[in-house]
Amino acid sequence: MISIGAPQTRGGLIGLAGNKNQLGADCQLFQYCMSTALCDKLQRQVIVFAVFPEAFPCRMLRRLFSPLLDPLSGLRHAPARRVLLKQIYFTGNEAALLVLLVGFALGGIVVAMLHGQYGQSQEAALRLLASLGFKEISPLLAAIILVARSSSAVASELATMQVHGEIRSLYRMGIPLGAYLIMPRVLGMTIACIGLSFYLAVAAQLGGAMLGAGAEVTYQVIEFDRMLTLEQVLTCMAKAALFGMGTSLLACHVGLRVGPYVTDIPKASSRAVVRGLSAIFVLDFMWSLWLS
Amino acid sequence: MVVLKLADGIEQALEPGQRYWLVCGHEQQMQQRFDACAEVLNALAPGAVGALEGAGGLLSNLRVWENMILPVWYHQPQSMAQLESRFEAVFGQLGLEGDALKRLAAALPPGLDRERKRQLVLVRAYVQQARFLLADQDWYDWITHAAPHACQEVFAHLAQSAPLVVVGVGAPALSMQLQEIIPMPQTAAY
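The shown structure was predicted, so the numbers you read here are calculated from the model rather than taken from an experiment.

Novice: How would you explain the packing of helix H7 (residues 177-213) of chain A against helix H10 (residues 230-256) of chain A if you had to name every residue and give the values?
Specialist: Residues and elements named next belong to chain A. Two elements in contact, H7 and H10, have axes separated by 7 Å at closest approach and are oriented at 145°. By crossing handedness, the relation of H7 to H10 is classed as right-handed. Residue-level inspection shows Leu 177, Ile 182, Arg 185, Val 186, Met 189, Thr 190, Cys 193, Ile 194, Ser 197 and Phe 198 of H7 in contact with H10, the latter providing Val 233, Cys 236, Met 237, Ala 240, Ala 241, Gly 244, Met 245, Thr 247, Ser 248, Leu 249, Cys 252 and Leu 256.

Here it is, written out as C-alpha cells:
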C-alpha cells in the first residue's frame, strides 16, 4: 500500500510518491490516468496522476463500445490477423473474377435495355447505370454472391467445430472465441463485400460503356468522373459494409448455435444462406425507408 | 507454487513435478471442471497450459503445424524458427524426421488416427513449454498404459517441470501412480 500522505494538488495534477509497482496497483482505486513515461524520463520514483473530471463519460463510452472494441483488440495477435487475411482471400479474392464477369455482363444488359428498348441516349443510359449500379444493384448483388459462397462456408465451418468439440478446445487453450473466430470472419467478410461491390459496380460501368460505345470506349471511360459522384461511391461502400457485416454475423451466429449432431452441420449451412438472403433484403428495404 | 482455486470450492496448491487427480462425479462434471481448470491456469500462464485431451483437441481447419503452434503463437509471440526447432526436436525424440515429418506437419487432423492425435497434443504441450499440464482421464490412461515408450519419456520429461492435473471420474486406478489428489468438498481424500 502506498502512503499518500498529503498529496500536492497543483492545477489538477496530484503528485504521489512511492514505488512504481505499488502505485500501479493502487492507482486503480482512484480512476486516475498514470503517466509512467514521465516518471521514467525524470528517473525518479514519482508518478504523476492526472485527474480527469470527464472520466465518467469516457468509461461510459468504453463500456458502450466494448462489445465491438474488445474483439477488435484481438487483432494484435498474429493468429487472429491470419484468420482475417484468409477470410479476405477466400471471400474476396476468390470471388473477384466471378464478380467482375457478373458486373460486366450486368452493365451490358442494362445499357442494352435502356438504349435499345427504352430509347435512352447512350450517355443517359450510362448515367442511369452509374446511379443504379453504385447505389443499389452492386451492393445487393455482391452481398447475394457473398451469401451464396461464403455464408454457407462460414456457418458449416463453425458448426463443424462446434459439433466436434473444437470450440471447447479453443477455450481450453485460453483463446477467446470472439477475438479469434468471430471478429476476423466478420471483419474479413465486411471488407470483402465492400471490395466486391466496388469491383462489380466498376465492371458494370465498363460493360455498359463497351456495349454502348463499342470502339470508342476509351472516351466513355475517361468520362466516368462526370457520371459518378462521391456520394454514389460512398453509398455503395456503406451499403456493402452493412450487408457484409449483417450476413457474416448471422452466419457466425447460425454456425455456433448448432446442436451436438453431425446432421446439424448441413442444416446450419442452408439456414445461413436463407437467413442471410432475407437479411440483405430486409436491410436494403430499411435503408430505402430511412432515405425516403 | 501456484494455488488452483475453482468456483466450486476446490483449492489446491500445485507444485512442479507433482501429479494431481481432480475427482468428478460424472462425465459432464468432468468436462466442466476441465474447462474451469483451464480457465484458471490460462489466466496464470497464458499460452503455457498444455491441454491434453483424449479426443485430440486439435482444430480440423488448421494443419498439424499450425495446430502445434497456435496457443503459444496466440499468447506469446515467438520466432517461427524457435517454434520449429522445438517441433523438430520433440519429433526427433519420437522418431519421426525428414519427409515423414513434413507430410505430418502439412496434414489436416481429420485424416489422422486417434493415437496420432494424442501424440500431437503432447507435442503441442512441448512446443508450448507448458508450465501446467491439464489432462483428462482418457489421455492419462493412454499415456500411462498404451502410449509408445518414446511418448512416455517425453511426457515424463515435461511432467518433471510442470504440475499435472488429471481430471477424471471416480477414484484413480492404483496403477496410475498419482501422488496427490484433490479432494472434493464432500468426499475424503483418497
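We are not done yet, so read on.
Novice: I'd like a description of the interface of chain A and chain B, backed by residues and values.
Specialist: Interface size is commonly expressed as the accessible area that is lost once the parts come together. Taken together, the contact pairs 21 residues of chain A with 22 residues of chain B. Where chain A abuts chain B, roughly 2,100 Å² becomes buried across the two surfaces, and 53% of that area is made up of carbon and sulfur atoms. Taken as a group, Tyr 171, Arg 172 and Met 173 of chain A account for 36% of the area that chain A buries against chain B, more than any other trio of residues on that side. Inspection of the chain A/chain B interface yields four salt bridges.

Novice: I'd like a rundown of the pattern of salt bridges, residues and numbers included.
Specialist: Evaluated as defined, the whole model comprises twelve salt bridges over all chains. The closest approach of N and O atoms between Glu 136 of chain A and Lys 239 of chain A, which form a salt bridge, is 2.7 Å. Of this pair, Glu 136 of chain A sits in helix H5 (residues 122-163) while Lys 239 of chain A sits in helix H10; the two residues are 103 residues apart in sequence, bridging distant segments of the chain. On the basis of relative accessibility, which here comes to 25%, the residue Glu 136 of chain A falls in the partly exposed class. The network of salt bridges with common partners includes Arg 168 and Arg 172 of chain A together with Asp 35 and Glu 53 of chain B.

Novice: I'd like a description of the nonpolar core, backed by residues and values.
Specialist: Formed by 53 residues in total, the largest nonpolar core has its most connected members in Leu 170 and Tyr 180 of chain A together with Leu 70 of chain B. Contributions of two or more residues to this core are made by helix H4 (78-117), H5, helix H6 (166-172), H7, H10 and helix H11 (264-291) of chain A together with helix H2 (64-75) of chain B. Sorting elements by how many residues they give to this core places H5 of chain A first, with 16 residues. Those residues within four positions of Tyr 180 of chain A in sequence are excluded, and the remaining contacts are Pro 79, Ala 80, Val 83, Leu 170, Ile 175 and Arg 185 of chain A together with Leu 59, Leu 62, Leu 70 and Tyr 74 of chain B.

Novice: Which residues make up the confidence of the model for chain A, and what are the values?
Specialist: For chain A, per-residue confidence averages 80 on the pLDDT scale, and residues scoring 70 or more make up 78% of the total. Low pLDDT, under 50, characterises residues 1-54 of chain A; the predicted model gives this stretch 60 contacts beyond four residues in sequence or across chains.

Novice: Give me the lowdown on empty space enclosed by the protein, citing residues and values where you can.
Specialist: Rolled over the atoms, a probe sized like a water molecule indicates the empty space that remains. Residue and element names in this part refer to chain A. Enumeration according to the criterion identifies one cavity of 30 Å³ or more in this entry. Considered as a void within the structure, the largest cavity measures approximately 30 Å³ in volume. Together, Glu 123, Tyr 219, Gln 220, Glu 223, Arg 226 and Met 227 line the largest cavity. Its residues assigned to classes, the lining of the largest cavity shows two nonpolar, one polar and three charged.

Calculation rules
Residues numbered from 1 in each chain as written. Chains lettered and ligands numbered in written order. Predicted model: local features only at pLDDT ≥ 70, side-chain atom pairs only at ≥ 80, totals over all residues. Heavy atoms only, no water. Axes fitted to C-alpha atoms, helices over the stretch in contact; angles between N-to-C directions. Helix = DSSP H or I, 4+ residues; strand = E, 2+ residues; numbered from the N terminus. Left-handed = near helix turned anticlockwise from the far one by under 90°. Contact = heavy atoms within 4.5 Å. Buried area = accessible area lost by both parts, 1.4 Å probe. Salt bridge = Lys/Arg side-chain N within 4 Å of Asp/Glu carboxyl O. Buried < 20%, exposed > 50% of the residue type's maximum accessible area, 1.4 Å probe, protein only. Core = buried A, V, L, I, M, F, W, Y, C linked by side-chain atoms within 4.5 Å. pLDDT = per-residue confidence, 0-100. 1 Å grid on protein atoms, 1.4 Å probe; cavity = no way out; pocket = protein on both sides within 12 Å on 5 of 7 lines; lining within 4 Å. Points joined across faces, edges and corners; volume = space filled by probe spheres on them. Nonpolar A, V, L, I, M, F, W, Y, C, P; charged D, E, K, R; others polar.

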